[in-house]
Amino acid sequence: MKPTLANSRILARLTRARLPLALFGMVGAAIGVAPAANAATPATQAATLAPELVPLPAHVQRGEGAFALDASTTIYANNAEARAVAQLLRDELASQQGLTLTVRSGAPKPNQGEDEPSRYVQFVAEPASAKPGAGANERYRLEVTARGIRLAGPPAGLFYGYQTLRQLLPAARVAPPLRVGATTIDDAPRFAYRGMHLDVGRHLFPLDFIKRYLDQMARYKLNTFHWHLTDDQGWRLEIKRYPKLTAVGAQRKETVVGRNIDPYVGDGQPYGGFYTQEQAREVVAYARARHITVIPEIEMPGHALAALAAYPELACTPGPFAVGTNWGVYDDIFCPKEATFKFLENVLDEVVAIFPAPYLHIGGDEAPKTRWKASAEAQAVMRREGLKDEHELQSYFIRRMEKFLHSRGKRIIGWDEILEGGLAPDATVMSWRGEAGGIAAAQQGHDVVMTPTQCCYFDYGQGPAAQEQWNLGGELSLDKVYAYDPVPAALTAAQARHVLGVQGNVWTEHLKTPAMVEYMVFPRLLALAEVAWTPQAQRAWPDFQRRLRGQFALLERDAVGYRIPAPQGLDDALIVQHGDARTHRYTATLTPAVPGATIRYTLDGSEPGEGAAVYAAPFEVVLELDKPVRLRAVSVLADGRRSGVHEALLRYRSYLPAVAKPANPKPGLEYRVFDSMFSDLTMLHASARAPAQAGAADSLDLARFGRSRAFGVQFDGYVQVPADGVYRFALQGDDRSALYLDGEQAIANETYDRTQQTEVPLRRGWHRLQLDWYQREGGMSLSLRMAAPGGELQALDLREAVH
Ligand code: ACM
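Residues numbered from 1 in each chain as written. Predicted model: local features only at pLDDT ≥ 70, side-chain atom pairs only at ≥ 80, totals over all residues. Heavy atoms only, no water.

**Quick look at the state of the cysteines**
- Evaluation of the coordinates by the stated rule reveals two disulfides.
- Shown here is the disulfide that connects Cys-316 with Cys-335, its sulfur atoms set 2.0 Å apart. Because the sign of the S-S torsion sets the handedness, a value of about 90 degrees for the bond joining Cys-316 and Cys-335 places this disulfide among the right-handed ones. Of this pair, Cys-316 sits in the loop between helix H8 (305-310) and helix H9 (338-354) while Cys-335 sits in the loop between H8 and H9, and the two are 19 residues apart along the sequence. (Disulfide = S-S within 2.5 Å. Helix = DSSP H or I, 4+ residues; strand = E, 2+ residues; numbered from the N terminus.)

This is the structure we're talking about:
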């Protein structure tokens, strides 16, 4: 896929219409296309014995008995580093359990005398290795026996061992002793880079919230905070040499309301703020105490409008510029002239002095070349440097900044656009537009961090838009995050070593408050943490779900406003008509995702409010033929907090009968092309205007239309199936695509980068097939595959279609 401006963050954030309730819509668990996560394996078997830890440690062995921790337990620490972690445990036990323990130097005596305390928690800090491999300094061993708890590892490992120990202690306050089951855990992370990002350019968040974010990251063993500090809509870091960056660039006159981008509607409310250098240092220190590295991002050459509003002389045109009030991608970017490089070097000198991280993120994404193409200054640089196009000019820009940062002892990270025009020699690539950038970079011997939209964009909705409390567009469910493996199959073992790790991104165009950020981040952060930490072979979705249940109590205790997941078992179901039976008895078995939650549900499509049935035990639903039932449920926590409405579509359906073949069939599908900037699939399907172009197509080749932006195509015709059966269809289209069979919508793919599938029972013979697709700008692709019952998906051969 060639990703694009239009279908990137912005399009993904446009209102995502509810997937129409296709009669034979998305395939649910009942017909077996399960999320990509693993089915039961021996690893699952072993893992189910493990306590409810997230992320799951690499090796867990349960022992006999338990350790009973009470006020007589002594904490030992062998040195200052161990004492620092021991102190954390002491403080936590004091605040959460009201137990005040003594911390002593040294180790418990092997043979205890009468007056020795009989029980201990021992922290043993081992020397850190100067040249660590991935995670070598983050390993730990935790042994719990009836006599005591021993935790050993290098300082970072000790800290992570302590995070594990915290999860073994009761979440709620209990009367001592606190029982910790005998266990031996040997643990180390899969990846050295385990990140969370936060965009403070679009909306910014109080320092206390940033710290809370770091606390939660540390709890789940994440070790890198990518702080996105500058963007079109705000410059958020004080730079002493350039005070207007914050005096002007940190303030915008208003913010677009919702998704009113076109036509634009603003809220009329000035918005702004920034972090002082002192505050940024406070964040760095707070993070460091939690073994978290803070990587600042200073965006260049694009997403620079706030800086240009402050210093218009850095642009290619005279300006003036105003700090962005709208989302998206702006044409006005830094101009590649000497004054800009000098400015950026001066800025980065101050940034480098605040952030000790070995990396600095220079952005590099979404930088339109419009201004550079029209700029005499930019063109002169291209001639001087022998650059053949503006992509090479961007590469020149990034290489220059890399060279400068090298001189300051830093390496650069950039979004995957920095591949275009040639990668800077030592750059690490953050792959966000799918995995292609990460694969290409690793193949070129560069380090990569995987943050593809299909796994890692936590501003995407956590379920179908209509079921989400906040309809933020996109869709990235918890199981999809969990199913992600950051090492693409395309890489050799040597190339795979360049995958440093994985990161969740939190863009905040639509997240105005800390509560909204927390809702979007949790519980997906926990799935990401396990992707980042746990060996791939140990991971299994059902076991993660079990362990996740144990984590909610901790999140509740910390008052984290997480999204309450849908009950387990609330899955779409498609049952194909058996014989001529008109009804089917379906048993719904639900388990609350959060222990103790009450599930209320309805079967008539109404809101499951106060009067709705309370789920007590599995119940039967009598499904009538071709009358889909919407099972709608809410979960209500003990404190009264309610989930959004979650929903499953239960269908007992008949075969679609064959239709008549056209009387004078012509080969292929008919196509109709419309020149228009479509923004949703319904609009295209309903298009009644005369097409700009029409003809017959024997393939889904898009190049034949001779267009690259702002058009839509309808394909229409008939295909034949050889026998009665359930046929599977898989559709992917960049930007958007929809499939109709015999007039009914089968798939509406509201994503540009994911394939969506459905299964449809079809009678032998001809069926009408309509395919809608539209393009806004940037990359274009369309693929429709079909599988016969029990067969593999194959591209549909349209030479056999007629119209
Ligand atoms: C990005 O989402 N533009 C990196």
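Next, the rest of the story.
**Some points on the side chain of Ser-395**
- Relative to the helices and strands, Ser-395 resides in helix H12 (residues 390-407).
- Residue classification places Ser-395 among the buried residues on the basis of a relative accessible area of 3%.
- Setting aside anything within four residues of it in sequence, one finds Ser-395 in contact with Glu-420, Gly-421 and Gly-422. (Buried < 20%, exposed > 50% of the residue type's maximum accessible area, 1.4 Å probe, protein only. Contact = heavy atoms within 4.5 Å.)

**Considerations on the sheet that holds strand E20 (residues 448-450)**
- Taken in spatial order, the eight strands line up as E8-E9-E16-E17-E18-E19-E20-E21 and close into a barrel, and their pairing is parallel. Strand-to-strand, the axes of this sheet are offset by a mean angle of 30 degrees, without reference to chain direction.
- Note: strand E8 (residues 193-199) against strand E21 (residues 499-504), four bridges, orientation parallel. When the bridges of E21 are listed, Arg-194 appears paired with Val-502.
- Where H12 meets the sheet, its contacts fall on strand E16 (293-300), strand E17 (359-363) and strand E18 (411-415), and the angle it forms with E18 comes to roughly 150 degrees. (Pairing = 2+ DSSP bridges. Axes fitted to C-alpha atoms, helices over the stretch in contact; angles between N-to-C directions.)

**Some points on the packing of aromatic side chains**
- Evaluated as defined, the whole model comprises 30 aromatic pairs.
- Aromatic pair Tyr-160 and Trp-533: ring centres 5.4 Å apart, planes at 65 degrees, arrangement edge-to-face. Placement of the pair is Tyr-160 in helix H4 (residues 155-168) and Trp-533 in helix H18 (residues 524-533), with a sequence separation of 373 residues.
- Tyr-160 gets classed as buried once you look at its relative accessible area, which sits at 0%.
- When its relative accessible area of 0% is taken as the criterion, Trp-533 is described as buried.
- Over the aromatic face of Trp-533 sits the side chain of Lys-221, whose NZ or CZ is 5.7 Å from the ring centroid.
- Geometry around Tyr-482 places Arg-539 over its ring, the cationic atom sitting 4.8 Å from the centre. (Phe/Tyr/Trp six-rings, centres within 6.5 Å; stacked < 30°, edge-to-face > 60°. Lys NZ or Arg CZ within 6 Å of the ring centre and 35° of its normal.)

**Examining the pairing of strand E32 (residues 725-734)**
- Counting buried positions along E32 gives eight out of ten residues, so the element sits mostly inside the fold.
- Two strands pair when backbone bridges link them, and E32 and strand E35 (residues 756-762) are joined in this way by seven bridges, in the antiparallel orientation. What sits directly across from Ala-730, in E35, is Gln-757.

**Re the confidence of the model for the protein chain**
- Residue-level pLDDT values for the protein chain average 90, and 92% of them are 70 or greater.
- Confidence drops under a pLDDT of 50 for residues 1-48, and excluding neighbours within four residues, the segment shows 138 contacts in the predicted structure. (pLDDT = per-residue confidence, 0-100.)

**Here's the deal with the sheet that holds strand E22 (residues 573-576)**
- One open sheet holds the five strands; their spatial order is E22-E28-E27-E24-E25, and the pairing between them is mixed. Edge strands, defined here as strands with exactly one partner in the open sheet, are E22 and strand E25 (613-614).

**Overview of the pattern of salt bridges**
- Taken as a whole and judged by the stated rule, the model has 50 salt bridges.
- Of the charged contacts, one joins Arg-400 and Glu-338 as a salt bridge, the two residues approaching to 2.9 Å between their closest N and O atoms. Of the two residues, Arg-400 is situated in helix H12 and Glu-338 in helix H9; the sequence distance between them amounts to 62 residues.
- Judged by relative accessible area, Arg-400 falls into the partly exposed class, the value being 24%.
- Residue Glu-338 is classed as partly exposed on the basis of its relative accessible area, which comes to 43%.
- We note a salt bridge from Asp-349 to Arg-408, for which the minimum N-O separation is 2.5 Å. Placement of the pair is Asp-349 in helix H9 and Arg-408 in the loop between H12 and E18, with a sequence separation of 59 residues.
- Judged by relative accessible area, which is 29%, Asp-349 ranks as partly exposed. (Salt bridge = Lys/Arg side-chain N within 4 Å of Asp/Glu carboxyl O.)

**Details of the side chain of Glu-345**
- Residue placement: Glu-345 occurs in helix H9.
- On the basis of relative accessibility, which here comes to 15%, the residue Glu-345 falls in the buried class.
- The residues contacting Glu-345, other than those within four sequence positions of it, are Met-401 and Phe-404.

**A closer look at unusual backbone geometry**
- Residue Pro-177 is bonded to the preceding Pro-176 through a cis peptide linkage, with omega at 5 degrees.
- Within the secondary structure layout, Pro-177 lies in the loop between H4 and strand E7 (178-187).
- Residue Asp-735 follows Asp-734 across a cis peptide bond; omega there is 20 degrees.
- Of note, Lys-221 is a non-glycine position whose phi angle comes to about 70 degrees, a positive value.

**Overview of the environment of Ala-66**
- The topology assignment puts Ala-66 in strand E1 (residues 59-69).
- As for Ala-66 and Glu-750, which are separated by 684 residues in sequence, their C-alpha atoms are 51 Å apart.
- Once residues lying within four places of it in the same chain are set aside, the contact partners of Ala-66 are Thr-145, Ala-146, Arg-179, Val-180, Gly-181 and Ala-182.

**Here's the deal with helix H19 (residues 541-557)**
- An ideal rise of 1.5 Å per residue puts 24 Å on 17 residues; H19 measures up with 25 Å between its terminal C-alpha atoms.
- Along its length, H19 shows its largest kink, about 30 degrees, at Gly-550.
- Positive backbone phi, approximately 55 degrees, marks Ala-559, located one or two places after H19. (Expected span 1.5 Å × (residues − 1). Bend = angle between axes of the 7 residues up to and from the residue.)

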